[in-house]
Amino acid sequence: FPSGRNMGTMNIVVRPDGHSSGTGQGICTTQNGDMMVWKCYALSKPEAGKDKNIAIIQLMTTSQKLSWMNSLLIVYESIGDMKTMEFSSTGYEWK
């Protein structure tokens, strides 16, 4: 997966019991200047004092070099702390 700069926003609704859901979108620019747009749909639940998250991420690009990403769906799992914004994450291609 290419390295680069990622910028985006998430709209998250947190329920009184600590569970949450959200949608987001953003743009990544690779070190070579290629761009891709991402859209995300996420769910979260509290677990052992942390936030456990699962998300589906879809990528879109007009870059020929990154065109393989247009058919890619990513399942993304993370656990972390929303207060400190520190997370450990893993993404998988959904086939």
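Residues numbered from 1 in each chain as written. Predicted model: local features only at pLDDT ≥ 70, side-chain atom pairs only at ≥ 80, totals over all residues. Heavy atoms only, no water.

1. Some details on the nonpolar core
How we decide: Grouping buried Ala, Val, Leu, Ile, Met, Phe, Trp, Tyr and Cys residues that are joined through side-chain atoms within 4.5 Å yields what is termed a nonpolar core. Exposure is judged per residue with a 1.4 Å probe applied to protein chains only, and the accessible area is read against the type maximum: over 50% gives exposed, under 20% gives buried, and values in between give partly exposed. Numbering of helices and strands runs from the N terminus; a helix is a DSSP stretch of H or I covering at least four residues, while a strand is a stretch of E covering at least two. Contacts are residue-level and defined by heavy atoms, with any inter-residue pair within 4.5 Å sufficient.
Judged by nonpolar contacts, Cys28, Met36, Trp38, Cys40, Ala42, Ala55, Ile57, Leu59, Leu66, Met69, Leu72 and Ile74 together constitute the single largest core of 12 residues. Elements represented by at least two residues in this core include exactly strand 3 (35-47) and strand 4 (50-60). Per-element tally for this core: the top contributor is strand 3, with 4 residues. Each residue touching Leu66, except ones within four places of it in the same chain, is listed here: Pro2, Thr30, Asp34, Met35, Met36 and Thr61.

2. With respect to the pairing of strand 5 (residues 73-81)
As a reminder, the rule being used: Should DSSP find at least two bridges between two strands, the strands are regarded as paired.
In the sheet, strand 4 pairs with strand 5 via 8 bridges, with the strands oriented antiparallel. Bridging across to strand 5, Ile57 finds its partner in Ile74. Counting the residues that bridge the hairpin from strand 5 to strand 6 (residues 86-93) gives 4 residues, and of these Met85 lies at a positive phi of roughly 60°.

3. Things to note about the pattern of salt bridges
Condition: We define a salt bridge as a side-chain nitrogen of Lys or Arg found within 4 Å of a carboxyl oxygen belonging to Asp or Glu.
Here the structure, examined in full by the defined rule, presents 4 salt bridges. A salt bridge links Asp17 to Arg15, with the nearest nitrogen and oxygen atoms 2.9 Å apart. Overall, the relative accessible area of 43% leaves Asp17 in the partly exposed class. What makes Arg15 partly exposed here is its relative accessible area of 46%. Taking the shortest distance from any N to any O, the salt bridge between Asp34 and Lys65 comes out at 3.9 Å. With Asp34 in the loop between strand 2 (20-30) and strand 3 and Lys65 in the loop between strand 4 and strand 5, this pair connects stretches of sequence that are 31 residues apart. Among the ionic contacts, a cluster of salt bridges with common partners joins Lys45, Glu47 and Lys52.

It is worth stressing that arrangement in space is one thing and function is another; only the former is reported here.
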